[in-house]
Amino acid sequence: MPGKIRQYFKDKKEDVQDYTGGSGVIGKFILALLVVYLLITIVLGIIWSSEPDSFSVREHTRTLASEMNREPVAGFATTATMIRLAETLLDKPGGYISNDIFPPGLWMDNMPNWEYGVLVQLRDLSRSLRKDISRSQSQSAEDPDLIIAEPQLHFDSESWAIPSTENEYRRGINALKRYLNRLSDPEQSNAQFFARADNLNNWLADLETRLGSLSRTLSESVGKASVSESMSNTDENDPLSEAVSGEDVKTDWTKIDDVFYEARGTAWALLHIFRAMEVDFRKVLQDKNAMASVQQIIIELEGTQESMWSPVILNGSGFGLLANHSLTMAAYLSRANAAISDMRDLLSRG
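In this text the structure is predicted, and so the values were computed from the model without any measurement. Going along each chain's sequence as written, the residues are numbered from 1 onward. At least 70 in pLDDT is required for a residue's local features to be given in this predicted model, at least 80 for side-chain atom pairs to be given and counted, and no such filter applies to totals for whole chains, interfaces and linings, which use all residues. Excluding hydrogens and water, the side-chain figures rest on all heavy atoms present in the structure.

Caption draft 1: Looking closely at the overall build of the protein. The way it works is that DSSP assigns letters per residue, a run of H or I at least four long becomes a helix, a run of E at least two long becomes a strand, and they are numbered from the N terminus. Along the backbone of the protein there are 13 helices and two strands. Only protein chains enter the accessibility calculation, which uses a 1.4 Å probe; a residue is then buried when its area is under 20% of its type maximum, exposed when over 50%, and partly exposed in between. For the protein, buried positions account for 45% of its 350 residues. By definition, residues are in contact when any of their heavy atoms lie within 4.5 Å. Relative to all contacts within the protein whose residues are 6 or more apart in sequence, the contacts with residues 24 or more apart total 75%. Counting every atom, the protein has about 19100 Å² of accessible surface; 55% of that belongs to carbon and sulfur. Here the open area of atoms and residues is found with the Shrake-Rupley method and a 1.4 Å probe, where only the protein chains shown may cover a residue.

This is how it looks when you write it as structure tokens:
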């Protein structure tokens, strides 16, 4: 058996030499280049996998307002934060990775899922900004720059070229910058930001369903019974009959880290968005006694950004020996979602 193993590796070595042109200088040079290239891509992959740090929304708002020589009017913090989040997607180490067709971006999956989580929140907020927040009533005209920004951020997230995703998102970012410039310019009155309870409530309604779905998918890392199948197996004519549970729904083990990092990117974006909302909607939040709910949401979202000490996403059973990172993330998002539900109830009251 040892002889067969040695012969196997000897044959493989000869195959490599034949492929690279023998044992000459050219062959060794090509092989060395391949090894160096692989080492470089591995190092870059590790660097590019680092998630961006959180930033202070208030400090960023003050700095940007000072640079623009403008007052931070209502809507300034939210718009400036949207721009910062979108630029982070494109300018972080490695740039935008989701559409890469060469290593190491081609091999990476955690960071693209993180990017997608951030992108979904930018898309939802840009739609709410165009549809509700920037308009006084249903018959009001839409803002010309938000008409551009919203569809640009909805462009295909995996387009490599002709056109590239990065270029299309840049157009959306530039449109948001023009909107911010007009919004903060006292000499212009054609850009509006209505920090009203109904506008905020509409956005929260969409967010509530997003987080609910994400929490459910995270919890399915250990398998969850299908409610729809259980209901279909219930005898309607016999209220005392036991419902026959259907098959458990469980996230495929190859997708567990994808779902986790999408949730982590979602929470990272929402953490900054809620901090911005706390600034721009401060008056209405105080009037509706909803400030405590916002603080609770921020606390839960901060918990999702704790440092990851494990090199892999662990998927232990609920009360087993190993941790289950998906269930931990689901717990944070579920508590944040509960606080959002309470906040919506407060905002809807007269």
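So much for the structure itself; the text now carries on.
Caption draft 2: Summary view of the layout of surface pockets. Taken as a whole, the largest pocket spans an internal volume of roughly 510 Å³. Both cavities and pockets are sets of points on a 1 Å grid over the protein atoms alone; in a cavity a 1.4 Å probe fits but cannot get out, in a pocket the set is open with protein on both sides within 12 Å along at least five of seven lines, and lining residues sit with an atom within 4 Å of a point. Around the largest pocket sit 23 residues that line it, and Ser49, Glu51, Tyr261, Arg264 and Met308 are the ones nearest its centre. With five residues, the top contributor of residues to the lining of the largest pocket is helix α10 (residues 256–280). Three residue categories are used. Nonpolar comprises Ala, Val, Leu, Ile, Met, Phe, Trp, Tyr, Cys and Pro, charged comprises Asp, Glu, Lys and Arg, and polar comprises the others, including Gly. Across the lining of the largest pocket, the residue classes tally to 11 nonpolar, seven polar and five charged. Of the voids in this model, the second largest pocket is the one considered here, and its volume is about 170 Å³. Taken together, Tyr116, Val120, Gln121, Arg210, Leu211, Ser213, Leu214, Thr217, Glu262 and Thr266 make up the full set of residues lining the second largest pocket. Those elements giving two or more residues to the lining of the second largest pocket turn out to be α5 (110–133), α8 (197–219) and α10. Grid points are joined across faces, edges and corners, and a volume is the space filled by probe spheres set on the points.

Caption draft 3: Molecular detail of helix α3 (residues 57–68). Expected helix span is computed as 1.5 Å times (number of residues minus one). With 12 residues, α3 extends 16 Å from end C-alpha to end C-alpha; this agrees with the ideal 16 Å at 1.5 Å per step. Taken residue by residue, α3 has Val57, His60, Thr61, Leu64 and Ala65 as its buried positions. Buried positions in α3, seen along its axis, are confined to an arc of 125° and lie on one side of it. Opposite the packed face of α3, turned more than 90 degrees from it, sit the exposed residues Arg62, Ser66 and Glu67. Lining the buried residues of α3 we find α4 (76–91), α7 (165–184) and α10. Looking one or two residues past α3, Asn69 carries a phi angle of roughly 60°, positive in sign. What the arc measures is the spread of directions leading from the helix axis to the C-beta atoms.

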